[in-house]
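Observations on the three-dimensional arrangement
These are the residues of each chain, in order.
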Amino acid sequence: MRQTRCPLVEALKRYAAKGFTPFHTPGHLQGRAAPPMLRRWWGRSVFAADLTELPGLDDLHNPSGVIREAEGLAAKLAGAEHAFFLVNGSTAGIQAMLIAAAGPGERVVLPRTVHRSVAAALVLSGAEPVFLPVRWLADFEIPLPPPPAAYRIALKEHDGVRAVFAVYPDYYGVAVDLPAVALEAQSRDIPLLVDAAHGVLFGRHPDMPPAAAGCGADAAVESVHKRAGALTQAAWLLLQGNRLSGARVRSALRLITTSSPSYLLLASLDAARRHLAAAGGSLCRRIIEVANYARAELSRCPGVRVLSAVGASYRLDPTRLVLNFRAAGISGFAAARVMHRSGVAAEMADFHNVVLLLLPRHRVQEIKKLVRAVQAALTQPRERVKAPRFPQAPPVRLCPREAWLAPSRTVPIAEAIGRVSAEIVAPAPPGVPVLLPGEEVSEEAVAYLDAVRAAGAAVHGAQDPELKTLRVVR
Ligand SMILES: Cc1ncc(COP(=O)(O)O)c(C=O)c1O
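Residues numbered from 1 in each chain as written. Predicted model: local features only at pLDDT ≥ 70, side-chain atom pairs only at ≥ 80, totals over all residues.

The next point concerns the nonpolar core. Side chains of nonpolar character tend, in soluble globular proteins, to be buried together. Ranked by size, the top nonpolar core spans 160 residues in total, and within it Met-97 and Leu-98 carry the most contacts. Broken down by element, the residue count for this core peaks at 14 residues, all from helix α11 (residues 263–298). Each of two domains, domain 1 (7–277) and domain 2 (400–473), supplies a minimum of three residues to this core. Sequence-distant contacts of Leu-98, defined by excluding residues within four places in its chain, comprise Val-108, Ala-121, Leu-122, Ser-125, Ala-127, Ala-163 and Leu-193. (Core = buried A, V, L, I, M, F, W, Y, C linked by C-beta atoms within 7 Å. Buried ≥ 20, exposed ≤ 12 C-beta atoms within 10 Å, placed from the backbone. Helix = DSSP H or I, 4+ residues; strand = E, 2+ residues; numbered from the N terminus. Domains from an automatic or database assignment. Contact = placed C-beta atoms within 7 Å.)

So, on to the environment of Ala-11. Secondary-structure assignment places Ala-11 in helix α1 (residues 7–17). Given 23 C-beta atoms within a 10 Å radius, Ala-11 is considered buried. Sequence spacing of Ala-11 and Gly-56 is 45 residues, and the spatial spacing of their C-alpha atoms is 7.1 Å. Setting aside chain neighbours within four positions, we find Ala-11 in contact with Gly-56, Leu-57 and Val-66.

Let us now look at the site of the ligand. By nearness alone, 14 residues border the ligand, and Gly-89, Ser-90, Thr-91, His-115 and Ala-197 come closest of all. The element contributing the most residues to the shell around the ligand is helix α5 (residues 89–101), with three residues. Grouping the amino acids of the shell around the ligand by side-chain chemistry returns five nonpolar, eight polar and one charged. (Near = placed C-beta within 6 Å. Nonpolar A, V, L, I, M, F, W, Y, C, P; charged D, E, K, R; others polar.)

Omega for the bond connecting Tyr-168 with Pro-169 falls within 30 degrees of zero, at -5 degrees, which places this linkage in the cis form. Counting through the fold element by element, Pro-169 comes out in the loop between β6 (161–167) and β7 (174–176). Between Pro-429 and the following residue, Pro-430, the backbone shows a cis peptide bond with an omega angle of 15 degrees. By the element assignment, Pro-430 lies in the loop between β17 (426–427) and α16 (443–454). We note that Leu-29 has phi near 50 degrees; this positive angle belongs to a residue other than glycine.

If you walk across this open sheet you meet the four strands as β11-β13-β15-β14, and the pairing is antiparallel. The outermost strands of the open sheet, each flanked by one partner alone, are β11 (305–306) and β14 (348–349). Inspection of the sheet shows β11 paired to strand β13 (residues 320–324) by two bridges, in the antiparallel sense. Within β13, the residue paired with Val-306 across the bridge is Leu-323. (Pairing = 2+ DSSP bridges.)

Before going further, it helps to examine α11. Here α11 spans only 41 Å end to end across 36 residues, well under the 52 Å set by a 1.5 Å rise per residue. When the local axis directions of α11 are compared, the greatest deviation, roughly 75 degrees, occurs at Ala-279. (Expected span 1.5 Å × (residues − 1). Bend = angle between axes of the 7 residues up to and from the residue.)

Taken in spatial order, the seven strands make up an open sheet running β1-β10-β9-β8-β6-β2-β3, and their pairing is mixed. The two strands at the open ends of the sheet, each matched to only one other strand, are β1 (82–86) and β3 (128–132). With direction set aside, neighbouring strand axes in the sheet form an average angle of 20 degrees. Alignment of strand β2 (residues 107–111) against β6, held across three bridges, turns out to be parallel. The partner of Arg-107 across the bridge, within β6, is Val-161. (Axes fitted to C-alpha atoms, helices over the stretch in contact; angles between N-to-C directions.)

What follows concerns the domain arrangement of the protein. Looking at the protein, the domain boundaries give domain 1 (7–277) and domain 2 (400–473). Each of domain 1 and domain 2 has a C-alpha centre, and these two points are 27 Å apart. Top element by residues in the side of domain 1 that touches domain 2 is helix α6 (residues 116–125). It accounts for four residues. Taken together, the residues of the side of domain 1 that touches domain 2 sort by class into seven nonpolar, three polar and one charged.

Structural data, given as structure tokens:
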């Protein structure tokens, strides 16, 4: 089948045109029984396409028809052997590949600065994490993905490793030398699993870093919704080779995925794949041109540094902007707030930086508005930015699953220091846990969380959203 086809979208359109009288879920009667305010806002066609596993529309959990064809086209475009469509974001793909790769007590080598979906995957699978040391990029004060050498050292030091995990790229667009990481893993016949949630545009233009699948990843997950126009939550998992069993991945996905997958999300994956196949290269070229223009304009703003290089072993996603406000004496959080008041919404802020995504169809006028918003941020009075570093990984005293399931109690946060965390606590975005179940709660981690909350940032995962207390293993 050719990439110009869109089998799932075509099947939905065909089905909707047949005029069946529905006596089945979803219960909005293809829009007639939908809440009127939504029908007026969204129109009838959204509801007409919100179908379910009906004859001719296949079954996500056991695809043999149009979903299988659509997944086949996505795999072919990515140069992978299989693609699995996901309706719960990269989160579901990350969990499925880790559950498939490692069971209770089996080791996984991974960066400490992973997304909280990885922490959840460790709880679900029971695997034992071997965390790589956290390194920072000076000035920008951002944690870097571990270089290939860190994987080599960990793999020499630890036996029984069942999977190697990499993030490619991270939230700041920093992409490690993934072929070199793949070599470390695969020379020991260990599968490389890649969180490429932010990497769906990679490999689509010569100026983009190569795609995870093309770098030798055995499995890679891409959030198509993040950068390629699919609806929020739509993602795919790509698989190649036989180090990770496709049957096990499929079973793991059945375990964690809804039995009512949204066909709107699935159709958006099919359509996004078609669009990427037809225009991925030219879309990336246009984004890179606008990004280069933005970099040139922003680097003329005194007090702002634009991340432009990281050093050997790393490349940068050219379609992301990381603006550092350190020299201006204001925090990234404060800068993002002022920018928001000027009508510009950023992707993320941290103590020193603001991260912005450039997307297909961003226009020069919008970059000019961004520059004015940054200039407005720069007029803010200087502040003393209290900015602790992301903490080093404390000792792991229990596997995340054991700690999650162990009897626990709630204590005031200061009393939690030195005890074993029973919960996942992650400032979001970027959703990287400062505390993981099974880790000793360090003074450094508590101080970091304090500073994040004082800066007004959201913190996810904790039982007590105000973080006055923490759940620790009894
Ligand atoms: C690095 C990373 N991995 C995984 C995820 C989860 O992706 P999703 O939101 O598609 O579930 C995110 C979300 O922001 C992320 O930043």
